[in-house]
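Inside the fold
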Amino acid sequence: MSLEVRLEGLSVGYGAAPVLRPTDLVFPAGSFTALLGPSGCGKSTVLNTVAGFVRPATGRVTAGGTEVTGPGPDRGVVFQHYALFPWRTARGNVEFALKRLGLPRARRRELALAALAEVGLADGAEKYPAQLSGGMQQRVALARALAARPEVLLMDEPFGALDALTRTRMQALLRELWERSGTTVLFVTHDIDEALALAGRVVVLGGSPGRVLADHPVPAGPPDPALRESVAARLTTP
Ligand SMILES: Nc1ncnc2c1ncn2[C@@H]1O[C@H](COP(=O)(O)OP(=O)(O)OP(=O)(O)O)[C@@H](O)[C@H]1O
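Residues numbered from 1 in each chain as written. Predicted model: local features only at pLDDT ≥ 70, side-chain atom pairs only at ≥ 80, totals over all residues.

The environment of the ligand is made up of Tyr14, Val19, Gly37, Ser39, Gly40, Cys41, Gly42, Lys43, Ser44, Thr45 and His190. Broken down by element, the residue count for the shell around the ligand peaks at three residues, all from helix H1 (residues 43-51). A per-class count over the shell around the ligand returns three nonpolar, seven polar and one charged. (Near = placed C-beta within 6 Å. Helix = DSSP H or I, 4+ residues; strand = E, 2+ residues; numbered from the N terminus. Nonpolar A, V, L, I, M, F, W, Y, C, P; charged D, E, K, R; others polar.)

A few words on the sheet that holds strand E5 (residues 66-67). An order of E2-E1-E4-E5 is seen for the four strands of this open sheet, with the pairing classed as antiparallel. Sheet topology places strand E2 (18-27) and E5 at the edges, where each strand pairs with a single neighbour. In the packing of H1 onto the sheet, the strands contacted are strand E1 (5-13), E2 and strand E4 (58-63), and the crossing angle to E1 comes to about 120°. (Pairing = 2+ DSSP bridges. Contact = placed C-beta atoms within 7 Å. Axes fitted to C-alpha atoms, helices over the stretch in contact; angles between N-to-C directions.)

This part is about the nonpolar core. One finds Val94, Ala143 and Ala147 to be the most contacted residues of the largest nonpolar core, which totals 64 residues. At seven residues, the largest contribution of residues to this core is made by helix H4 (residues 134-146). A domain split of this core shows at least three residues from each of domain 1 (1-11 + 23-74 + 150-238) and domain 2 (86-149). Sequence-distant contacts of Val94, that is, excluding residues within four places in its chain, are made with Ala112, Ala115, Leu116, Val140, Ala143, Arg144 and Ala147. (Core = buried A, V, L, I, M, F, W, Y, C linked by C-beta atoms within 7 Å. Buried ≥ 20, exposed ≤ 12 C-beta atoms within 10 Å, placed from the backbone. Domains from an automatic or database assignment.)

Each assigned domain of the protein is listed with its residue range as follows: domain 1 (1-11 + 23-74 + 150-238) and domain 2 (86-149). Each of domain 1 and domain 2 has a C-alpha centre, and these two points are 24 Å apart. Contacts between the two partners involve 13 residues from domain 1, matched on the other side by 12 residues from domain 2. No other element matches helix H5 (residues 164-181), which puts five residues into the side of domain 1 that touches domain 2. The class makeup of the residues in the side of domain 1 that touches domain 2 is 11 nonpolar, one polar and one charged.

Below is the structure:
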């Protein structure tokens, strides 16, 4: 299940100066898009607006044709810092996130265990975050976002804090989960190779206030050096 996400004339300002110029973008249902750009160009702002954490200054965001006015179970979010409750087990963290759905306790437990199994963490369900490695904690965060079966998955540098090997494993896991679920994915990263390896489309943001500098489909198959070069050029040109 997936939803189309649409930014229509979206601009954002945190009180005073705008940080994102009016932007129109459509992310088709089931697509996997990487938002790439230098620090401060507004990538997280776009993601947080789609998540419903930040309100637009102008324009609007829709998910499945419905205007986003706040967070909702149709949109799951994963951050770089996993933000797990240290006093809850992995299962407890995922169950807690399911509370807002108003499901009975037994059903929450069942969904939490299924989501943890899906990310390869069935064995760690009763462990506390401090007993889990960074990669495992990020798996819990991913399970927490997926447990409610969101139609849109919003990821903000989710693998930025992981070592290279764990990161590669998590990328493979994410691709696999995406292929299975068909969720619409928006994935924020600084890393051009991560963007090109994962996504079917790369949108480059830049400038201050931010705007779209480039928008490229990423063909399936082996890496395309010409595409990499063209995206890299947009990243370094102000
Ligand atoms: N809550 C906030 N209040 C005020 N200004 C903010 C807030 N969040 C972000 N900004 C500003 O908005 C601009 C865009 O920030 P944003 O975090 O969206 O960029 P980014 O591209 O995701 O950067 P990074 O890659 O460093 O996370 C920056 O100038 C930042 O300082």
